[in-house]
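Structure at a glance
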Amino acid sequence: MDNFREFLNSPTDSSAQIISKNEVEVIAPDGEIFTVLCPIGSYTNKNTQDYELHWLEVIFDKNFSDDKEQMRDLIWRDSVRFNICGGITGISSGTRHDDRKRIGNRIREIREQRGMEARDLARLANIDAANLSRIENGKYSVGLDILSKIASSLGKKVDIVDL
């Protein structure tokens, strides 16, 4: 019983909560929110629910990455490996996926309007060409410094605008 309490009290950067009997919301260390389909909410034993929720937090922390596609793949693998929640049946792409795709598409659009090859933009921005490809395809979470380098190389600036 002490090991159980010790496990539940071990700190995590991720946070999971039950939304419904088959849905859990997990907030990753960077604040991105994922929906996980699994039957934790259908368990009647509160200790079992808490245990399974904490396991989700642990595997989200363990597999956290800016590459959300790879992160989700690793979470799937670990959920099977450790038999989390009696089986995860789905994981959303996260709340920031649409923004990444939109920004990546806009970078590609501006680059192509300028008649610039991707490798040239990558060189000007001093980033790896493979990373630029992932950014343009919305598969890579990019920090402000890199985004600013890309924008500057395209003759643009990063700004906060009204929606």
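Structure: see above.
This one's a predicted model, so the numbers in the text were calculated from it and none came from an experiment.

1. Remarks on the pairing of strand 1 (residues 15-20)
Direction of pairing for strand 1 relative to strand 2 (residues 23-27): antiparallel, over a ladder of five bridges. By the bridge assignment, Ser 20 is partnered in strand 2 with Glu 23. The hairpin formed by strand 1 and strand 2 contains two residues between the paired strands.

2. Focus on the sheet that holds strand 2
Pairing between the strands of a sheet comes from backbone hydrogen bonds, and it takes one of two forms, parallel or antiparallel. Across the sheet, four strands lie side by side as 1-2-3-4; this open sheet has antiparallel pairing. Looking along the sheet, the strands with just one partner apiece sit at the ends: strand 1 and strand 4 (90-91). Note: strand 3 (residues 33-37) against strand 4, two bridges, orientation antiparallel. Residue Leu 37 lies in a different strand from strand 4, and its bridge partner there is Gly 90. Those strands touched by helix 2 (residues 46-62) are strand 1, strand 2 and strand 3, and its axis lies near 130 degrees from that of strand 1.

3. A few points about the packing of helix 5 (residues 118-125) against helix 6 (residues 129-136)
Contact geometry for helix 5 and helix 6: axes closest at 9 Å, N-to-C directions at 110 degrees. Classed by the angle they form, the pair helix 5 and helix 6 counts as roughly perpendicular. The handedness of the crossing between helix 5 and helix 6 is right-handed. Every residue of helix 6 that contacts helix 5 at Ala 118, Leu 121 and Ala 122 is listed here: Ala 129, Leu 132 and Glu 136. A per-class count over the contact of helix 5 with helix 6 returns five nonpolar, no polar and one charged.

4. Some remarks on the pattern of salt bridges
Inspection of every chain in the model, using the stated rule, returns 13 salt bridges. One salt bridge connects Lys 46 with Asp 50, and the closest N-O pair in it is separated by 2.9 Å. One end of the pair, Lys 46, and the other, Asp 50, are both in helix 2, four residues apart, so they sit about a helical turn from each other. The class for Lys 46 is exposed, based on a relative accessible area of 52%. Since its relative accessible area comes to 25%, Asp 50 is described here as partly exposed. A cluster of three or more residues bridged by salt bridges with shared partners is formed by Asp 30, Glu 32, Lys 68 and Arg 100.

About the thresholds
Residues numbered from 1 in each chain as written. Predicted model: local features only at pLDDT ≥ 70, side-chain atom pairs only at ≥ 80, totals over all residues. Heavy atoms only, no water. Pairing = 2+ DSSP bridges. Helix = DSSP H or I, 4+ residues; strand = E, 2+ residues; numbered from the N terminus. Contact = heavy atoms within 4.5 Å. Axes fitted to C-alpha atoms, helices over the stretch in contact; angles between N-to-C directions. Parallel < 35°, antiparallel > 145°, perpendicular 65-115°, else oblique. Left-handed = near helix turned anticlockwise from the far one by under 90°. Nonpolar A, V, L, I, M, F, W, Y, C, P; charged D, E, K, R; others polar. Salt bridge = Lys/Arg side-chain N within 4 Å of Asp/Glu carboxyl O. Buried < 20%, exposed > 50% of the residue type's maximum accessible area, 1.4 Å probe, protein only.

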